[in-house]
Structures are given as structure tokens and as C-alpha cells.
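Working through the structure, step by step
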Amino acid sequence: LNQRDIGDVWAFDLTTMVWSQYMDVCGFVPTPRSSTLHLKWDQFILLFGGDGNGETYSDLFLFNLETGVWSKVEMPAGLEPRMAGRAALIENTTVLHESQTTLTTKSVILYLFGGRVLRNDMTRVASNDLVSLELRGTQEHSRFCCARNF
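Remember, it's a predicted structure, so these values are computed and weren't measured experimentally.

Considering soluble globular proteins, one finds that nonpolar side chains tend to be buried as a cluster. Ranked by internal contacts, the top residues of the largest apolar core, which has 16 residues, are L46, L60, L110, L112 and L135. Of all the elements in the fold, those that place two or more residues in this core are β4 (37–41), β5 (44–52), β6 (55–64), β10 (101–118) and β11 (124–138). With near-sequence residues (within four places) excluded, L46 lies in contact with L37, H38, L39, W41, L60, F61, L62, L89, L110 and L135. V9, L47, F61 and F63 belong to the second-largest nonpolar core, a separate cluster that totals five residues.

Here it is in C-alpha cells:
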């Protein structure tokens, strides 16, 4: 069996029990990889890191399930490449009322835990660290950037 990473996107319909492939995927498509950390958030699939072509990645992508468009998220420097960990997302909405103005802000924090990380000496080691990344931007345009929280 010839094992290789592929970059296709599939969806499983729980009603019909049928797999279907997204055929018209476009945008900033990530390189083929495996062992990613991923989860669903609203109409997006978030995909972080993974391993492919002999590399371990520390990048973050959003896949819009409604449009089939990939977007790459700007990441802070210094985040260790990682694969095969766990991810969680927490979304908070804050509503501020001042005189006649109401301001609503959303805070979205992506947590990455454990997995295998790539160290500066190019070794992969098991990790039990917890990293938090704040997603900033607008869902309407699928444009985000990240800030690392310590």
C-alpha cells in the first residue's frame, strides 16, 4: 500500500449515511497533511498543524462549509509546530451598554493541547502543554488573525 497525504475534503451526511466530496474547493488550500487538530465552528472547519511531506506544521486554516473556500489565518510567531493533539474552541459574546450605544464584541479562543511538537533541534516529542489562540476578525469575510494568549 502506497501511503501518502492527500488534500481532499469530504462530508458525511448523517441522514442518508452517504459520503460526498467537495469538488470545487478553492482559496488558500493547505498542503496535504495528516494528524491535524481540527474542529467545527459555525460554518467553518478549523484545521491546525499536522504532518505531511516530511514537515510538521504550525499553521491554521478555515474551511467555509457553505462556500467551499479555504482561508489561511495569520499566526503569531514562536508557536511550535504540532500534530495529533486535541483542540477546543470557546466563544464569548460581550454586550456593553453605554448611554444610547450598545456595543457587541465576540471573543473566540482556540485551545490546543498536547500531541507531538517539533522542537528546534528537529525532534518530535510528546507534549502536554496548553496553548490558547484568540481569533480576531469577521466571519462574514472569513478573514481572521490570531494572537497568542499565555
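Strand order in this open sheet of five strands is β3-β7-β6-β5-β4, and the pairing throughout is mixed. The outermost strands of the open sheet, each flanked by one partner alone, are β3 (26–27) and β4. Bridge count between β3 and strand β7 (residues 69–73): two bridges; the pairing is parallel. Its bridge partner lying in β7, G27 is registered against W70.

It is worth spelling out the pairing of β7 at this point. The two faces of the sheet receive side chains in turn, since in a regular strand these alternate between them. The pairing of β6 with β7 spans five bridges and is antiparallel. The residue of β7 that forms the bridge with F63 is W70. In textbook terms, the turn of a hairpin is the stretch between consecutive antiparallel strands, and for β6 and β7 this stretch comprises four residues, one of which, G68, has a positive phi near 75°.

We now examine the pattern of salt bridges. By the definition in use, this model includes three salt bridges. The partner of R124 in a salt bridge is D51, with the nearest N and O atoms 2.8 Å apart. Of the two residues, R124 is situated in strand β11 and D51 in strand β5; the sequence distance between them amounts to 73 residues. Here D51 falls in the buried class, since its relative accessible area comes to 16%. In this structure, the salt-bridge partner of R82 is D129, at a minimum N-O distance of 3.1 Å. Linking R82 in strand β8 (residues 82–83) with D129 in strand β11, this pair joins segments that are 47 residues apart in sequence.

Calculation criteria
- Residues numbered from 1 in each chain as written.
- Predicted model: local features only at pLDDT ≥ 70, side-chain atom pairs only at ≥ 80, totals over all residues.
- Heavy atoms only, no water.
- Core = buried A, V, L, I, M, F, W, Y, C linked by side-chain atoms within 4.5 Å.
- Buried < 20%, exposed > 50% of the residue type's maximum accessible area, 1.4 Å probe, protein only.
- Helix = DSSP H or I, 4+ residues; strand = E, 2+ residues; numbered from the N terminus.
- Contact = heavy atoms within 4.5 Å.
- Pairing = 2+ DSSP bridges.
- Salt bridge = Lys/Arg side-chain N within 4 Å of Asp/Glu carboxyl O.

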